[in-house]
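A look at the structure
Each chain, written out:
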Amino acid sequence: MQLTLNEKRLLLELVKCGTTTPEEMGVILDRPADSVVQYGGLLSQKDLATVERNVTTTLSLTEEGTRYLSEGLPERQLYNSFGDSSSMADLNKHPHAKIGLGWMKRLGWVKIESGNVIKTGDASLSSLEIHVKNLDNAPADIKKELIKRGLATEEESVRYVISITELGQKLAAAGIDLSEETGTLTADQISSGAWKDLTLRRYDINKHPRPVWPGKIHPYQRMIDEMRRILLDMGFTELHGSIVQGAFWNFDALFQPQDHPAREMQDTFHLAGKQDLPEGWEKVRDMHETGGNTSSTGWGGKWDPEKAKATVLRTHTTSLSIQHLAAHPKPPVKAFCIGRVYRREAIDPTHLPEFEQLEGIVMDDNVTFRNLLGFLKEFYTRMGFESVRFRPGYFPYTEPSVEPEVYIEELGWVELGGAGIFREEVTAPWGITCPVLAWGLGVSRVAMLRMGLTDLRQLYQSDIDWVRQMPTHGGRC
Ligand SMILES: N[C@@H](Cc1ccccc1)C(=O)O
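Parameters and conventions
- Here the residue numbers are simple positions, counted from 1 along each chain's written sequence.
- In view of the model being predicted, local features appear only for residues whose pLDDT reaches at least 70, and side-chain atom pairs are presented and counted only at 80 or more, with totals across whole chains, interfaces and linings using the full set of residues.
- Each side-chain value is derived from all of the structure's non-hydrogen atoms; neither hydrogens nor water enter the calculation.
- Surface patches are drawn from residues lacking salt bridges whose relative accessible area is over 30%; two like charges belong together within 9 Å, two nonpolar side chains (Val, Leu, Ile, Met, Phe, Trp, Tyr) within 5 Å.
- Accessible surface is estimated by sampling points in the Shrake-Rupley manner with a 1.4 Å probe; for residues, cover comes only from the protein chains shown.
- In what follows, salt bridge is the name for a side-chain nitrogen of Lys or Arg lying within 4 Å of a carboxyl oxygen of Asp or Glu.
- Where helices and strands are cited, they refer to DSSP runs of H or I of at least four residues and of E of at least two residues respectively, numbered from the N terminus.
- Bear in mind that the domain bounds are from an automatic or database domain assignment.
- UniProt positions are given in the numbering used here, feature names are shortened, and annotations may be inferred rather than shown by experiment.
- The contact rule is simple, with two residues in contact once any of their heavy atoms fall within 4.5 Å.
- Note on terminology: near, applied to a residue and a molecule or strand, indicates that one of the residue's heavy atoms is within 4 Å of it.
- In protein, a polar contact requires one atom able to donate a hydrogen and another able to accept it; more generally it is a pair of N or O atoms within 3.5 Å, and residues adjacent in sequence count only if both atoms are side-chain atoms.
- Here's how the labels work: a residue is buried when its accessible area is under 20% of the maximum for its type, exposed when over 50%, partly exposed in between, all with a 1.4 Å probe on protein chains only.

1. A look at a nonpolar patch on the surface
- Taken together, Leu185, Ile190, Trp195 and Leu200 make up a surface patch of nonpolar side chains, about 350 Å² in accessible area.
- Tracing the sequence through the fold places isoleucine 190 in helix α11 (residues 187-192).

So this is what it looks like as structure tokens:
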């Protein structure tokens, strides 16, 4: 058994006394009491000693409590400040009027009759007055009251008792070598060769060091940064935009009909402000009403510009993609954005009213549906999902549409977003003539899967223990 010199010295002292306190032993060993607790802890890990930790709470008077000890509690001071009776108005001038009157009434020292405070004749010492002088014997409810009134505070103190065990006795009886051990060698000891004659303290290589918690980036932020890196590496540029969007960009420009359920109050956060329609909005109106100059028939009916002027918290980052395209209608465009979006979801383990989306668009002369699947596959593979497949999907703004899915060991195929080629109804109003590939994915869902979380809220709560134990290396978060 490996013992440090300090452990050995403590053990030998324990043989003599059996049981000790760190304070007593600190004097004998000429070490601080804290260190003795630590040596005791080391001995107890080897079953050579036991360390008992006793927590006691002691009540002591606060500064205010001490002052009242000599001056009397506020109610007593107030009581002594007047004769048999006093008008309420007069009494109110006393500095302790507020708290004192309440207590005098409660204790039955006074009664109030038509605005006068009259002594009842019985003002015997209250339990508080008795016990403020004798805190130790105060019953629990009085203690509580004293603390509540700020007259006393409770303090915890920890006391340790260290005792030797039978195993400790045996080991000591077998003899303990007390020669000095060297834990650190000096340069001199090394160069002169003196180290050869020293008793070196052995390292316990099985012992875990105390963990250290350096500052690090939140695992969720780290994953977002990684996604950004991947897209930048794939040649995309990043878009940024406001979280407040006109319904025009969030819905209408994406050919979402004005009576689409996603636009209803219960799905979207609607804001009070209005936003002017951008130049060229009439083409979007025509597209909705008749299909404009394209072969589309539109949704029919009347398109209301007022509805399009409403503002919302963006429900998807696609609102930024379409704005970027409207401003850059000529190829090539290869852009992405990662941002927070808002939906009126009831909160549960897999739904939150705000979450992050990642959105990408690629516009070029000859891009095809196969390129879209290729981009998605490449991205998910780089994110660490090896098996990716696509199922047909539906979005009002893309045709064809797909829902990419990735395979997760314990879960099977999990849907991770939406994608497609923007419809002509979306691109034509802005004079875009070549195909635009688009996709969006739920970043927080990817995080859940990668980090093995069962509750999305974990990402947003910054639970320090969880943040600490999440690894920062090894590719996967
Ligand atoms: N906006 C869609 C995702 C999507 C983006 C782009 C094209 C197709 C689908 C969503 O929020 O789910």
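Continuing now.
2. A few points about the domain arrangement of the protein
- Taken domain by domain, the protein consists of domain 1 (1-68 + 136-207), domain 2 (74-125) and domain 3 (220-469).
- Placing the centre of domain 1 and that of domain 3 at their C-alpha centroids yields a distance of 61 Å.

3. A look at the UniProt feature "binding site: Mg(2+)" (unreviewed entry) in the protein
- When the UniProt feature table is mapped onto this chain, "binding site: Mg(2+)" (unreviewed entry) is found at Glu399.
- Relative to the elements of secondary structure, glutamate 399 occurs in strand β14 (residues 398-408).
- Setting aside chain neighbours within four positions, we find glutamate 399 in contact with Ile421 and Arg423.

4. Things to note about the site of the ligand
- Taken together, 13 residues surround the ligand, and among them His316, Thr318, Arg343, Gln357 and Tyr397 come closest.
- Histidine 316 is positioned with one of its side-chain polar atoms (N or O) 3.1 Å from a nitrogen atom of the ligand.
- Against a free-state accessible area of 320 Å², the protein chains account for coverage of 91% of the ligand.
- Those elements that provide at least two residues to the shell around the ligand are β12 (354-363), β16 (417-422) and β17 (436-442).
- Of all the elements, β17 adds the most residues to the shell around the ligand, at 3 residues.

5. Side note on the side chain of glutamate 75
- With respect to the helices and strands, glutamate 75 occurs in helix α5 (residues 74-80).
- The class of glutamate 75 is buried, set by a relative accessible area of 0%.
- Other than its neighbours up to four places away in sequence, glutamate 75 contacts Gly100, Trp103, Met104, Leu107, Trp109 and Arg149.

6. Some remarks on the environment of lysine 144
- Residue position: lysine 144 is located in helix α9 (residues 140-148).
- Look at lysine 144 and you get exposed, because its relative accessible area is 65%.

7. With respect to the UniProt feature "binding site: L-phenylalanine" (unreviewed entry) in the protein
- Residues annotated by UniProt as "binding site: L-phenylalanine" (unreviewed entry) correspond here to Thr318, Gln357, Leu358, Glu359, Tyr397 and Phe422.
- Tracing the sequence through the fold places threonine 318 in helix α16 (residues 318-327).
- Look at threonine 318 and you get buried, because its relative accessible area is 5%.
- If near-sequence neighbours (up to four positions away) are discounted, threonine 318 is found in contact with Leu254, Glu359, Tyr397 and Phe422.
- One can find phenylalanine 422 in strand β16.
- Here phenylalanine 422 falls in the buried class, since its relative accessible area comes to 6%.
- When residues no more than four places from it in sequence are discounted, the contact partners of phenylalanine 422 are Leu254, Thr318, Leu325, Ile361, Tyr397, Thr398, Thr427, Val436 and Ala438.

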